[in-house]
Amino acid sequence: MALLSWSDSYRVNIKQIDDQHKKLIEMINTLHDAMKVGKGSQVLGEVLKSLIDYTGSHFATEEKLMKLHNYPDYEHHKKEHNLLVMQVLDIQKNLQNGSAPLTQNIMSFLKEWLVKHIQGEDKKYGPYLNGKGVV
Ligand code: FE2
Ligand code: FE2
């Protein structure tokens, strides 16, 4: 069973962003499935790396849009992104050097972070950017 499913409550009403969030959910599910079936750290490392890369380009998309339209809460939002990137790089490092394997707890952390961030921070810029003509 998928760890996370798309819900309309995640919609920020900007097509490009909603599509990227759907893709992120899909990638978290792929990582979760790989962990559940006991894939080795090399495969998990590869899946995690694509998730990290995609997350990086997703955050860059959001930050560019927010900055372009002078979103007032830009700095705070970017800080949340930076914090997650640091945490995920830590998870990657621990997986690579064998000090901490990928666990259900880590998957729950990723899932909860994403849901909370989308429903909290991301949903806040939706109406603002819509008002600037971004849909
Ligand atoms: Fe987002
Ligand atoms: Fe965000």
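Residues numbered from 1 in each chain as written. Chains lettered and ligands numbered in written order. Predicted model: local features only at pLDDT ≥ 70, side-chain atom pairs only at ≥ 80, totals over all residues. Heavy atoms only, no water.

### Considerations on the coordination of the iron ion (ligand 1)
As a reminder of what qualifies: Sites may look incomplete, because water is not among the atoms used; the donor set itself consists of N, O and S atoms within 2.8 Å of the metal (3.2 Å for Na, K and Ca). A four-donor site is classed as tetrahedral when every donor-metal-donor angle falls between 85 and 135 degrees; four donors are called square planar, and six octahedral, when trans pairs exceed 155 degrees and all remaining angles lie between 65 and 115, with any other arrangement labelled irregular.
On the protein side, the iron ion (ligand 1) has H21 (NE2), H58 (NE2), E62 (OE) and D122 (OD) as donor atoms, found 2.0 to 2.2 Å from it. Of note is the iron ion (ligand 1), whose four donor atoms meet at the metal with angles of 85 to 170° in an arrangement that counts as irregular. The sequence pattern formed by the donor residues of the iron ion (ligand 1) is H-x36-H-x3-E-x59-D. In this structure, the iron ion (ligand 1) lies 3.6 Å from the iron ion (ligand 2), and both are coordinated by E62.

### Remarks on the packing of aromatic side chains
Here is the rule: Under the pairing criterion, centres of Phe, Tyr and Trp rings, with the six-membered ring standing for Trp, must be within 6.5 Å; the plane angle then separates stacked pairs below 30 degrees from edge-to-face pairs above 60, leaving the rest tilted. Partly exposed describes any residue whose relative accessible area lies between the buried limit of under 20% and the exposed limit of over 50%, with all areas from a 1.4 Å probe on protein chains only and scaled to the type maximum. In DSSP terms, a helix is any run of H or I states spanning at least four residues, a strand is any run of E spanning at least two, and both are numbered starting from the N terminus. Note on criteria: charge over ring means Lys NZ or Arg CZ within 6 Å of the ring centre, with the direction from the centre no more than 35 degrees off the ring normal.
This structure, assessed with the given rule, holds four aromatic pairs. Ring geometry for W6 versus Y10: centroids 5.8 Å apart, planes at 80°, classification edge-to-face. The exposure class assigned to Y10 is buried, which follows from its relative accessible area of 10%. Plain terms: the ring middles of F59 and W113 are 5.9 Å apart, the flat faces sit at 55° to each other, and that makes the pair tilted. In this pair, F59 sits in helix α2 (residues 41-68) while W113 sits in helix α4 (residues 104-131), placing the two residues 54 residues apart along the sequence. Each member of the pair F59 and W113 is classed as buried. Pairwise contacts between aromatic rings join Y71, Y125 and Y128 into one cluster. The ring centre of W6 lies 5.0 Å from the NZ or CZ of K22, which sits over that ring.

### Let's talk about the side chain of T61
We apply this condition: Pairs of N or O atoms within 3.5 Å make up the polar contacts considered here, provided that, within protein, one atom can donate a hydrogen while the other can accept it, and that residues adjacent in sequence are counted only when both atoms are side-chain atoms. Should any heavy atoms of two residues lie within 4.5 Å, those residues are considered in contact.
If you trace the backbone, T61 turns up in helix α2. When its relative accessible area of 17% is taken as the criterion, T61 is described as buried. A distance of 3.3 Å separates a polar atom in the side chain of T61 from a polar atom in the side chain of Q20. Contact partners of T61, with chain neighbours within four places excluded, come to Q16, I17 and Q20.

### Quick word on the packing of α2 against α4
Here is the rule we go by: Geometry is summarised by axes, namely lines fitted to C-alpha atoms with helices restricted to the contacting stretch, and by angles between N-to-C directions that run from 0 to 180 degrees. Throughout, the term roughly parallel applies to angles under 35 degrees, roughly antiparallel to angles over 145, roughly perpendicular to angles from 65 to 115, and oblique to all others. By definition, any crossing whose near helix is turned counterclockwise from its far helix by less than a right angle is left-handed, and any crossing with a clockwise turn is right-handed. Any residue outside Ala, Val, Leu, Ile, Met, Phe, Trp, Tyr, Cys, Pro, Asp, Glu, Lys and Arg is labelled polar, Gly included; the first ten of those are nonpolar and the last four are charged.
Following both chains from N to C, one finds α2 and α4 inclined at 20°, their axes separated by 12 Å at the closest point. Considered as vectors, α2 and α4 are oriented roughly parallel to each other. Considering the relative orientation of α2 and α4, their crossing is left-handed. Counting all contacts with α2, which are made through L51, H58, F59, E62, L65 and M66, the residues of α4 involved are L110, W113, H117, D122, Y125 and L129. Residue classes in the contact of α2 with α4 are distributed as eight nonpolar, two polar and two charged.

### A word on the coordination of the iron ion (ligand 2)
Coordination of the iron ion (ligand 2) by the protein comes from E62 (OE), H77 (NE2), H81 (NE2), H117 (NE2) and D122 (OD), over a distance range of 2.1 to 2.3 Å. Linear spacing of the donor residues for the iron ion (ligand 2) on their chain is E-x14-H-x3-H-x35-H-x4-D.

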